[in-house]
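Each chain, written out:
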Amino acid sequence: MNFLRFAARRVAEMAATLLAASFVVFGAMYLAPGNPASFLLSGRSASPEALAAINAQYHLDDPFFVRYLNWLGDILQGDFGRSITYRTDVSRLLADRLPTTLLLVVMALVVVVAIGLVLGRVAAVRGGGTDSAILVGTTFAVGTPSFVAAVLLQGLFAVNLGWFPSSGSGDGFLDKVWHLTLPAIALALYLIGMLARVTRSTMLEALDSEHVTVARSRGVPERQVISRHVFRNSLGTVLTTGGLIVSTLLVCTILVETAFSIGGVGQLLELSTTTKDFPTVQAISLIIVALFMAVNLIVDLLLPVVDPRITLGSRSSSV
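Please read these numbers as outputs of a predicted model, since none were measured by experiment.

Visitor: Would you explain the packing of helix α5 (residues 90–126) against helix α6 (residues 128–142) in this entry?
Guide: For any two helices packed against each other, one specifies the crossing angle of their axes together with the interaxial distance. In contact at an axis separation of 7 Å, α5 and α6 are set at 145° when each is read in the N-to-C sense. Note on packing geometry: the crossing formed by α5 with α6 is left-handed. Counted together, L119, V122, A123 and R126 of α5 and G128, T130, D131 and I134 of α6 form the full contact between these two elements. Residue classes in the contact of α5 with α6 are distributed as four nonpolar, two polar and two charged.

Visitor: Would you take a moment to explain empty space enclosed by the protein for this structure?
Guide: Vacant regions in the atomic arrangement are exposed by a probe of water-molecule size rolled over the atoms. Following the criterion strictly, the structure yields one cavity of 30 Å³ or more and no others. Taken as a whole, the largest cavity holds about 110 Å³ of empty space. Along its surface, the largest cavity is lined by L98, T101, L250, T253, I254, V265, G266, L269, I284, I287, I288 and L291. Among the secondary structure elements, those contributing two or more residues to the lining of the largest cavity are α5, α10 (222–260), α11 (265–274) and α12 (278–306). With four residues, α12 is the largest single contributor of residues to the lining of the largest cavity. Partitioned by chemical class, the residues of the lining of the largest cavity number nine nonpolar, three polar and no charged.

Visitor: Is there a simple way to think about the nonpolar core in this case?
Guide: Soluble, globular proteins show a tendency: their nonpolar side chains are buried together. Ranked by internal contacts, the top residues of the largest apolar core, which has 39 residues, are V112, L187, V230, I245, L249 and F260. Looking at this core, the elements that each hand over two or more residues are α5, α7 (146–160), α8 (173–207), α9 (210–217) and α10. Here this core gets 13 residues from one element, more than from any other, and that element is α8. When sequence neighbours within four positions are dropped, the list of residues in contact with L187 reads L104, A108, S146, L249, C252, T253 and V256. Core analysis: the next-biggest nonpolar cluster, separate from the first, contains 15 residues, W71, I75, L269 and L286 among them.

Definitions and cut-offs
- Residues numbered from 1 in each chain as written.
- Predicted model: local features only at pLDDT ≥ 70, side-chain atom pairs only at ≥ 80, totals over all residues.
- Heavy atoms only, no water.
- Axes fitted to C-alpha atoms, helices over the stretch in contact; angles between N-to-C directions.
- Helix = DSSP H or I, 4+ residues; strand = E, 2+ residues; numbered from the N terminus.
- Left-handed = near helix turned anticlockwise from the far one by under 90°.
- Contact = heavy atoms within 4.5 Å.
- Nonpolar A, V, L, I, M, F, W, Y, C, P; charged D, E, K, R; others polar.
- 1 Å grid on protein atoms, 1.4 Å probe; cavity = no way out; pocket = protein on both sides within 12 Å on 5 of 7 lines; lining within 4 Å.
- Points joined across faces, edges and corners; volume = space filled by probe spheres on them.
- Core = buried A, V, L, I, M, F, W, Y, C linked by side-chain atoms within 4.5 Å.
- Buried < 20%, exposed > 50% of the residue type's maximum accessible area, 1.4 Å probe, protein only.

Set out below in structure tokens:
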């Protein structure tokens, strides 16, 4: 299948899925108990005139599909509505907080890839006691939820040792990196164990393959055997796992940002959910879904590049 045709088909599928997701995200607000106007009033009593004004301002008297189409049209123009809690445009809230969240996700991803790939490769190649020690360590990592890791790291390195800030996101790039170091590690710990285990298992499988045996029989240096025939052939599975890792990072930022009071999109989502700030919750939920699907699309397009054995559109190339 031609690459451009495959890419166009996947983009079209992503757009259709995102459209369906937007309907679910918008409709979920109306599954919550009570009238949306009651949440806007925060439990205060109001006159019929005040209720009528709220219904008119937020178009609550319009038919459901009319409201959805109007909301979708505004979204396509970059207008996510106005926050009920913060009394400002949701777009402005996202513009202020999204860079912090993206930096946190990127830092955590770098930690996951740098440590997870190395641990998995070392465990597969060396075996023995090294392999056993790495398996024990990754078992601990996989069994530690992000919010537990956040509390432990915060207590040890921020409160007791004072090496890192215990909260906030900092000002300026270097200060932000310093503030986000502990949150990034807390966010990455579970995923380091996952990636290390996947890398180890796929490399062990590749080590037992026939082409590796042939390469060794021909006198190919062991370092080249590992790099060209073992690790490279494992990249397809590793990349697929990488797509899942990025998606998990986007979701788990909510817990970590709340624990460290970072002030990113994750914490904004948690606060907006608590205060029933529907426009903000809808916008963030839709963005998370869009990012999740974009990551899957990128993985699908990269898989045939890193592993020529995978054909475009095959089941193997899906996350």
